[in-house]
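In case you want the letters, here they are:
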Amino acid sequence: MDVQETHNVTLRINGKDHQVGVESNWTLNDLLRNRLELTGTKRACDYGGCGSCTVLVDGVDVYSCSILAVEAEGKEILTIEGLGDSENLHPLQKSFALSYAAQCGWCTPGMIMSAKALLDHNPKPTEAEVRAALSGVLCRCTGYTSIVKAVLDAAGVIRGGR
Ligand code: FES
Ligand code: FES
């Protein structure tokens, strides 16, 4: 018989406090997508190999499929839904659209969240630094050039340079 223990987890997601009952084997991705319906965070491989599920945990980009929901106790989580919405896009979201940096879009939330983590601590990255920061997120469509351009353009906008 497979009996899972339920735990109460308190965490802050996109600026809002949540207290949620989770099973001990749930990942943070399970909690976000299946319980809270925050499906902007993707799940492709589900084993830490693609980065499509990347979110920020206390400001650090993390694969949400590779951390248990109980490990997120007391943490501050930022998902793509917390970055901006259609009325008020974050510069990274706007720049990805303007640069045609999304094709199928499967990698896009992970790319944008990893880029956000980068720009939060390095507002003026080089192209090499952008490529290194995004190396944990795989894109099968774009060839990466438009994605790197989008991040560099957004960095300029955020710095107020253009
Ligand atoms: S779904 Fe998490 S790394 Fe692929
Ligand atoms: S746009 Fe399709 S995987 Fe990146």
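Residues numbered from 1 in each chain as written. Chains lettered and ligands numbered in written order. Predicted model: local features only at pLDDT ≥ 70, side-chain atom pairs only at ≥ 80, totals over all residues.

What follows covers the nonpolar core. Ranked by size, the top nonpolar core spans 45 residues in total, and within it Ile77, Met111, Ile112, Ala115, Ile147 and Val151 carry the most contacts. Aside from chain neighbours lying at most four places away, what touches valine 151 is Ala115 and Val130. (Core = buried A, V, L, I, M, F, W, Y, C linked by C-beta atoms within 7 Å. Buried ≥ 20, exposed ≤ 12 C-beta atoms within 10 Å, placed from the backbone. Contact = placed C-beta atoms within 7 Å.)

On to the packing of helix α3 (residues 91-98) against helix α4 (residues 108-121), then. Interaxial distance between α3 and α4 falls to 10 Å at its minimum, and their mutual angle equals 130°. Considered as vectors, α3 and α4 are oriented oblique to each other. Crossing of α3 over α4 shows right-handed handedness. Contacts from Leu92, Gln93 and Phe96 in α3 reach Thr108, Ile112, Ala115 and Lys116 in α4. (Axes fitted to C-alpha atoms, helices over the stretch in contact; angles between N-to-C directions. Helix = DSSP H or I, 4+ residues; strand = E, 2+ residues; numbered from the N terminus. Parallel < 35°, antiparallel > 145°, perpendicular 65-115°, else oblique. Left-handed = near helix turned anticlockwise from the far one by under 90°.)

Quick look at the environment of threonine 41 now. Tracing the backbone shows threonine 41 in the loop between α1 (28-35) and β3 (54-57). The exposure class of threonine 41 is buried, given the 23 C-beta atoms found within 10 Å. Along the backbone, threonine 41 and glycine 110 are 69 residues apart, and their C-alpha atoms lie at a distance of 7.2 Å. Discounting residues that sit within four places of it in the chain, threonine 41 has contacts with Asn29, Leu32, Arg33, Cys53, Val55, Ser64, Thr79, Ile80 and Pro109.

Considered domain by domain, the protein chain is made up of domain 1 (6-82) and domain 2 (84-159). Between domain 1 and domain 2, the residue contacts involve 15 residues of the former and 13 residues of the latter. Within the residue set of the side of domain 1 that touches domain 2, elements represented by two or more residues are β3 and β4 (60-63). A per-element tally of the side of domain 1 that touches domain 2 places β3 first, with three residues. (Domains from an automatic or database assignment.)

In the sheet, β3 pairs with β4 via four bridges, with the strands oriented antiparallel. By the bridge assignment for β4, leucine 56 is matched with aspartate 61. Counted along the chain from β3 to the antiparallel partner β4, the turn is two residues long, and its residue aspartate 58 has a positive phi close to 50°. (Pairing = 2+ DSSP bridges.)

Next up on the list: the sheet that holds β4. Backbone-to-backbone hydrogen bonds pair the strands of a sheet. The strands run either parallel or antiparallel. Taken together, five strands build an open sheet; the order of strands is β2-β1-β5-β3-β4 and the sheet is mixed. In this open sheet, the two strands that pair with only one neighbour each are β2 (16-23) and β4. Here the average twist between neighbouring strands, direction ignored, is 40°. Alignment of strand β1 (residues 6-13) against β2, held across eight bridges, turns out to be antiparallel. From the neighbouring strand, leucine 11 faces β2, where its bridge partner is histidine 18.

Moving on, we get to α4. Taking 1.5 Å of rise per residue, the 14 residues of α4 would be expected to cover 20 Å, and the 20 Å separating its terminal C-alpha atoms lies within 8% of that figure. For α4, the buried fraction is high: 12 of the 14 residues fall into the buried class. Three or more residues of α4 are buried, namely Thr108, Pro109, Gly110, Met111, Ile112, Met113, Ser114, Ala115, Lys116, Ala117, Leu118 and Leu119. Check the buried side of α4 and you find it contacts β3, β4, α2 (80-83), α3, α5 (127-133) and α6 (145-159). (Expected span 1.5 Å × (residues − 1).)

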